Amino acid sequence: SRVVKLAVIPGDGIGREVVAQAERVLDAVTADGDVAFEKTRFSLGAGRYLETGDTLTDDDLAAIRSHDAILLGAVGGTPGDPRLKDANIERGMLLKLRFELDHYVNLRPSKLFAGAPGPLASPGEIDFVVVREGTEGPYVGNGGSIRKGTPHEIANETSVNTAFGIERVVRYAFELAGRRRNKLTLVHKTNVLVHSGAIWQRIVEQVASEHPDVVVDYLHVDAATIFLVTDPSRFDVIVTDNLFGDILTDLAGAVTGGIGLAASGNINPDGTFPSMFEPVHGSAPDIAGQEKADPTAAILSVALLLDHLGLRDEAARVQRAVEADIADRSTPRSTSEAGDAIIARLQA
Ligand code: NAD
Ligand code: IPM
Ligand code: MN
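Residues numbered from 1 in each chain as written. Chains lettered and ligands numbered in written order. Predicted model: local features only at pLDDT ≥ 70, side-chain atom pairs only at ≥ 80, totals over all residues.

- The protein is annotated in an unreviewed UniProt entry as 3-isopropylmalate dehydrogenase of Microbacterium esteraromaticum.
- Quoted verbatim from the Function (unreviewed entry) field of UniProt, the annotation for the protein is "Catalyzes the oxidation of 3-carboxy-2-hydroxy-4-methylpentanoate (3-isopropylmalate) to 3-carboxy-4-methyl-2-oxopentanoate. The product decarboxylates to 4-methyl-2 oxopentanoate."
- Under Subcellular location (unreviewed entry), UniProt gives the following word-for-word description of the protein: "Cytoplasm". (UniProt positions renumbered as here; feature names shortened; annotations may be inferred.)

Now the structure itself:
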């Protein structure tokens, strides 16, 4: 029978609380199948840093790389914690994993499920996927500052956009649109970011010629935020750079019932490295340790993980259990009560 080696990184704050429930769901849905999940737990994040001074060692990275997939909660301490000033867990651990494991597709689906507490009065059908580039843009760490702390300080953070990097993620987005509703929206800011905007636009046009069935649209990122609120049903697949995609997907989470429902996959489509699945949200220091976090985003990330591994029935069962729970959930409830409710739906 098949064995899947899964690296589990609970991380910090509510990351640990939601991953505990996601693991229960994974265990339950795979209990009677013929795929065995062999889990390795990695202690990483702000907690580990405060204990040992490590963010992600070469040994950690090598060990994680030897797995088939990764389930991550969230990392990061309380913004502004002076003990973490020099650590930069986000860059040193989370982004390092995304870059080293070549997660060039950051897949972030947004769907307004029946009964979800969305904030929009008449949302229509919301069902789109943001294909966020995951290895380039302003995230690469190509920057620096001179005359630091003086009135003449200059701080730069250069956005890196390569033809290779854009083309591969754009191709993925077109293929995805072709399996969905054949609509692709490029989001950028070509009126101001003329160089990076032009290369994104040109590559989208080139790849579009190979996908005559896909209708291509373009929006500046500021206008995209308007339409995500006023007319979200216009979107099918959105392709965009790393930073715009980060911002748009928190907004997308909010319009589809809250960040506690938003799942994501950091995908290496080539299969050279393990893909990593995680909720879009962070470690939420404001509610950490109180069992208040909604584990749904982490559980839906398990559905994405199962689907990625080709375990389509299991993925669909998790998805259906979550949808049934959202349609009929009692609030307030604790993180583990939410896990109980979803597991009960799984077995129903
Ligand atoms: P956050 O997503 O952690 O929290 C934003 C708000 O959403 C908070 O009010 C929080 O309580 C709420 N929230 C988030 N997830 C929730 C859930 N599952 N259920 C209920 N409410 C939820 O964002 P932040 O406050 O900007 O960041 C906190 C820390 O997390 C920072 O250190 C940040 O860098 C880090 N972070 C990590 C990741 C990641 O590991 N992938 C993602 C985002 C932020
Ligand atoms: C996310 C987070 C990360 C990002 C941070 C914590 C580096 O906000 O996963 O959306 O910006 O990608
Ligand atoms: Mn984010």
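Now, onward.
Quick look at the UniProt feature "binding site: substrate" (unreviewed entry) in the protein
Line of reasoning, step 1. Using the residue numbers shown here, the UniProt feature "binding site: substrate" (unreviewed entry) corresponds to Arg98, Arg108, Arg132 and Asp222. These annotated residues cover 125 residues of sequence, and their C-alpha atoms sit far apart, with the largest distance between any two at 26.3 Å.
Line of reasoning, step 2. Given 25 C-beta atoms within 10 Å, Arg108 falls into the buried group.
Line of reasoning, step 3. Those residues in contact with Arg108 that lie beyond four places of it in its chain are Val129, Val130, Arg132, Thr249, Ala262, Ser264 and Val280.
Line of reasoning, step 4. Relative to the helices and strands, Arg132 resides in strand 5 (residues 127–133).
Line of reasoning, step 5. Judged by the 28 C-beta atoms lying within 10 Å of it, Arg132 falls in the buried class.
Line of reasoning, step 6. With residues near it in sequence (within four places) discarded, Arg132 still touches Asn106, Arg108, Thr240, Asn242, Gly245, Asp246 and Thr249. (Buried ≥ 20, exposed ≤ 12 C-beta atoms within 10 Å, placed from the backbone. Contact = placed C-beta atoms within 7 Å. Helix = DSSP H or I, 4+ residues; strand = E, 2+ residues; numbered from the N terminus.)

So, the site of ligand 1
Line of reasoning, step 1. Around ligand 1 there are 22 residues in total, and Ala74, Gly76, Gly260, His281 and Gly282 lie nearest to it.
Line of reasoning, step 2. Only helix 1 (14–30) and helix 4 (89–100) provide two or more residues apiece to the shell around ligand 1.
Line of reasoning, step 3. Of the residues belonging to the shell around ligand 1, the class tally is 12 nonpolar, 6 polar and 4 charged. (Near = placed C-beta within 6 Å. Nonpolar A, V, L, I, M, F, W, Y, C, P; charged D, E, K, R; others polar.)

Looking at the sheet that holds strand 5
Line of reasoning, step 1. Strand order in this open sheet of 10 strands is 2-1-3-12-11-4-5-10-8-9, and the pairing throughout is mixed. Each of the sheet's edge strands pairs with one partner strand only, and the pair in question is strand 2 (35–41) and strand 9 (215–220). Along the sheet, successive strands turn relative to each other by an average axial angle of 25°, direction set aside.
Line of reasoning, step 2. The pairing of strand 4 (residues 105–111) with strand 11 (residues 263–267) spans 3 bridges and is antiparallel. (Pairing = 2+ DSSP bridges. Axes fitted to C-alpha atoms, helices over the stretch in contact; angles between N-to-C directions.)

Section: the pairing of strand 2
On a regular strand, one side chain projects to one face of the sheet and the next to the other, so that they alternate.
Line of reasoning, step 1. Across 7 bridges, the pairing between strand 1 (residues 2–11) and strand 2 is parallel. In the strand pairing of strand 2, Val4 is matched with Phe37.
Line of reasoning, step 2. Handedness of the crossover joining strand 1 and strand 2 through helix 1 is recorded here as right-handed. (Right-handed = clockwise from strand over helix to strand, strands pointing away.)

A few points about the UniProt feature "domain: Isopropylmalate dehydrogenase-like" (unreviewed entry) in the protein
Line of reasoning, step 1. The feature "domain: Isopropylmalate dehydrogenase-like" (unreviewed entry), as given by UniProt, occupies residues 5–342 in the numbering adopted here.
Line of reasoning, step 2. This span, residues 5–342, is 41% helix and 20% strand, and a straight line between its end C-alpha atoms measures 24 Å.

Observations regarding the nonpolar core
Line of reasoning, step 1. One finds Ala22, Val25, Ile70, Leu71, Ile299, Val302 and Val318 to be the most contacted residues of the largest nonpolar core, which totals 55 residues.
Line of reasoning, step 2. By residue number, the principal contributor to this core is helix 9 (residues 296–308), which donates 9 residues.
Line of reasoning, step 3. Ignoring sequence-local partners within four residues, the contact set of Val25 consists of Ile299, Val302, Val318, Gly339, Ile342, Ile343 and Leu346.
Line of reasoning, step 4. Counting residues in each nonpolar core, the second largest holds 36 residues, with Tyr104, Phe113, Val204 and Leu228 among its members. (Core = buried A, V, L, I, M, F, W, Y, C linked by C-beta atoms within 7 Å.)

As for the site of ligand 2
Line of reasoning, step 1. Residues in contact with ligand 2, as listed here, are Gly76, Glu90, Leu94, Leu95, Asp246, Val280 and Gly282.
Line of reasoning, step 2. Top contributing element to the shell around ligand 2 by residue count: helix 4, with 3 residues.
Line of reasoning, step 3. In terms of residue class, the shell around ligand 2 is built from 3 nonpolar, 2 polar and 2 charged.

A short note on the packing of helix 7 (residues 221–230) against helix 8 (residues 242–255)
Each pair of packed helices gets described by two things: the angle between the helix axes and the distance between those axes.
Line of reasoning, step 1. Axis separation between helix 7 and helix 8 bottoms out at 10 Å; the angle between their running directions is 15°. Relative to helix 8, the element helix 7 is oriented roughly parallel. The element helix 7 and its partner helix 8 pack so that their crossing is right-handed. From helix 7, Val221, Ala224, Thr225, Leu228 and Val229 reach across to helix 8, where they touch Phe244, Leu248, Leu251, Ala252 and Val255. (Parallel < 35°, antiparallel > 145°, perpendicular 65-115°, else oblique. Left-handed = near helix turned anticlockwise from the far one by under 90°.)

Points about the domain arrangement of the protein
Line of reasoning, step 1. The assigned domain composition of the protein is domain 1 (1–108 + 262–348) and domain 2 (119–255).
Line of reasoning, step 2. Look at where the C-alpha atoms of domain 1 and domain 2 centre, and you get two points 24 Å apart.
Line of reasoning, step 3. The partner domain 2 presents 17 residues to the 15 residues of domain 1 that form the contact.
Line of reasoning, step 4. Contributing elements (two or more residues each) for the side of domain 1 that touches domain 2: helix 4 and strand 4.
Line of reasoning, step 5. Among the residues forming the side of domain 1 that touches domain 2, the class breakdown is 8 nonpolar, 3 polar and 4 charged. (Domains from an automatic or database assignment.)

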